[in-house]
Amino acid sequence: MIYTDTRDKTAKVDFRTAVVNGMNEKTGGLYIPVEFPKLEKSFLNKNPEPPFRDIAFEMAKPYVEGEIDDKNLRAIINDAYPFPAKVVAVDPNSYILELFHGPTCAFKDFGARFMARVMSYFNRGENSPLHILVATSGDTGSAVGSAFHNVPGLDVTILYPKGKISPLQEKQLSTFDNNVRALKVDGTFDDCQKLVKTAFTDESLRSKLRLSSANSINISRLLPQSFYYMYSSLSVKNKAWQYNKIEEPSIIMVVPSGNFGNLTSGLIAKKMGAPITGFVAATNTNRTIPDWIATGSYNARPSIATYANAMDVGSPSNYERIAAMYSLEEVRQLFASYWLDDEGIINSIKDCYSKTGYVIDPHGSVGWKAWSDIKNGAMKDLVAGKKNDYTKPGLTPNIPSWVDDVITKKNAIGVILETAHPAKFGSTVTKATGKSPSIPDRLEKVLKLKDLSIPMENDYEQFKDWLLENLR
Ligand SMILES: *Cc1c(COP(=O)(O)O)cnc(C)c1O
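Residues numbered from 1 in each chain as written. Predicted model: local features only at pLDDT ≥ 70, side-chain atom pairs only at ≥ 80, totals over all residues. Heavy atoms only, no water.

**A few points about the environment of I132**
The residue I132 is located in strand β5 (residues 130-135) in this model. Those residues in contact with I132 that sit more than four places away from it in its chain are M119, F148, D155, V156, T157, S212, S213 and A214. (Helix = DSSP H or I, 4+ residues; strand = E, 2+ residues; numbered from the N terminus. Contact = heavy atoms within 4.5 Å.)

**Concerning the sheet that holds strand β14 (residues 454-456)**
Strand order in this open sheet of five strands is β8-β5-β6-β7-β14, and the pairing throughout is parallel. Both outer strands of the open sheet, β8 (211-212) and β14, are each paired with one neighbouring strand and no more. Relative to β8, β5 runs parallel, the two being bridged by two bridges. Looking across to β8, one finds that H131 is bridged to L211. (Pairing = 2+ DSSP bridges.)

**A closer look at the packing of helix α3 (residues 52-64) against helix α4 (residues 70-80)**
The contact between α3 and α4 brings their axes to 10 Å, and the two run at 130°. The pairing of α3 with α4 is recorded here as oblique in orientation. Of the two possible hands of crossing, α3 and α4 adopt the one that is right-handed. Contact with α3, carried on its side by R53, D54, A56, F57, A60, K61 and V64, involves D70, L73, R74, I77 and N78 of α4 and no other residues of that element. (Axes fitted to C-alpha atoms, helices over the stretch in contact; angles between N-to-C directions. Parallel < 35°, antiparallel > 145°, perpendicular 65-115°, else oblique. Left-handed = near helix turned anticlockwise from the far one by under 90°.)

**Points about the packing of aromatic side chains**
For the structure on display, the rule yields 19 aromatic pairs. Relative to Y319, the ring of Y298 has its centre 3.6 Å away and its plane inclined at 10°; by these criteria the two rings are stacked. Separated by 21 residues along the polypeptide, Y298 in the loop between α12 (288-295) and α13 (319-325) and Y319 in helix α13 bring together distant segments of the chain. Three or more aromatic residues joined by ring pairs form one cluster here, namely F52, Y81, F83, F110, F114, F227, Y228, Y229, Y231, F279 and F335. The ring centre of Y121 lies 3.9 Å from the NZ or CZ of R124, which sits over that ring. Lying over the aromatic face of W241, K245 brings its terminal NZ or CZ to 5.4 Å of the ring centre. (Phe/Tyr/Trp six-rings, centres within 6.5 Å; stacked < 30°, edge-to-face > 60°. Lys NZ or Arg CZ within 6 Å of the ring centre and 35° of its normal.)

Given below as structure tokens:
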């Protein structure tokens, strides 16, 4: 597969280059495949749908063609995904896609684990390790640390801001041994990011250590997230008659979003033939994308802290990929867009629990509320000509092409992506439901491990000296 760049369509690189570089340094653009090949009809029409890993293999194949052979691709996928993506029906028109069954209890495990194994594969001929530096405001660090832990040829240093992440998040990223370590920086997330960026541009450091990054713009984190869109949409399509008495379902993927990597992966799955009719782009108060859809002008802004903190992104980097794949008018046809404030998040967790008994996390709750409003007729007002005020929580005023499926045909089924386990955000969930969510064993275990983080001043020279002394 050839990869091009969102800012320079003449750029052409192979998969390895796109993965190792992360982004095109020259243009600042993001890599994107030149095409999204459709899967065979006979494969898509299987009932029951193929197992998750078979779908993953078929979807990954064209993107690594000529660079990773089938046998190694199989091994990468089998090793990356010993856990499932689960599709749970909660009411006749709503399913929840649970993406938290991986080791760190968030959907980022799907992308990070594939990326780690691909990087390891590409590094296999080298005789020195590839050093990954990653700054984190919480969730990315643990997913990357866990994904790369004990993966041969790779070495990870996580930088996180001291006192600015939750105690559980801190345990999740500070307790690795061997090839993964965490530096507790006396500064903010931005300071951590600056230390990492400075290291990447430091020629004298780079001449001694091979450095790479693992952030969410990397195409090798985005492609694997498309696997669960394909899997869940095929699964819901096959279940729709049996459980919902809907013959031809119109499947709407409801995606709680921050940097919009997850939603972009959904677009890739749709292009590859997943039976998905539309999307709901659901955000918290960081409503840069809803505002773009409502007004047509894109304005990045500083992020605002919310209860759904993994979605606190004011300048979503994957906007560039979405805009490279679809025009604004196409986006308005394909997407409903919705945003919710903190009060709404608490009410939505409460509402989901009281109506269905399902304990949803703050991120998923944004999707739950968006889909509940749509299902309960919020689009009727739009069709009747009422213009929503996009500066208030709720739907943006665009009318997607699938509106009739919701209002008249009633064959729309929402699939809400549950991006994290509720126990990761226990205090918010408890505030909403009055009960603390049960903690999975793998989180409970982490709480008992010893914190191995290394204190670090917010000072580049000290950071560099530490790297040179401790990494090889
Ligand atoms: C990262 C994250 C998100 C946002 O995903 P994007 O791909 O950045 O849009 C949502 N929920 C949780 C729990 C996350 O960790």
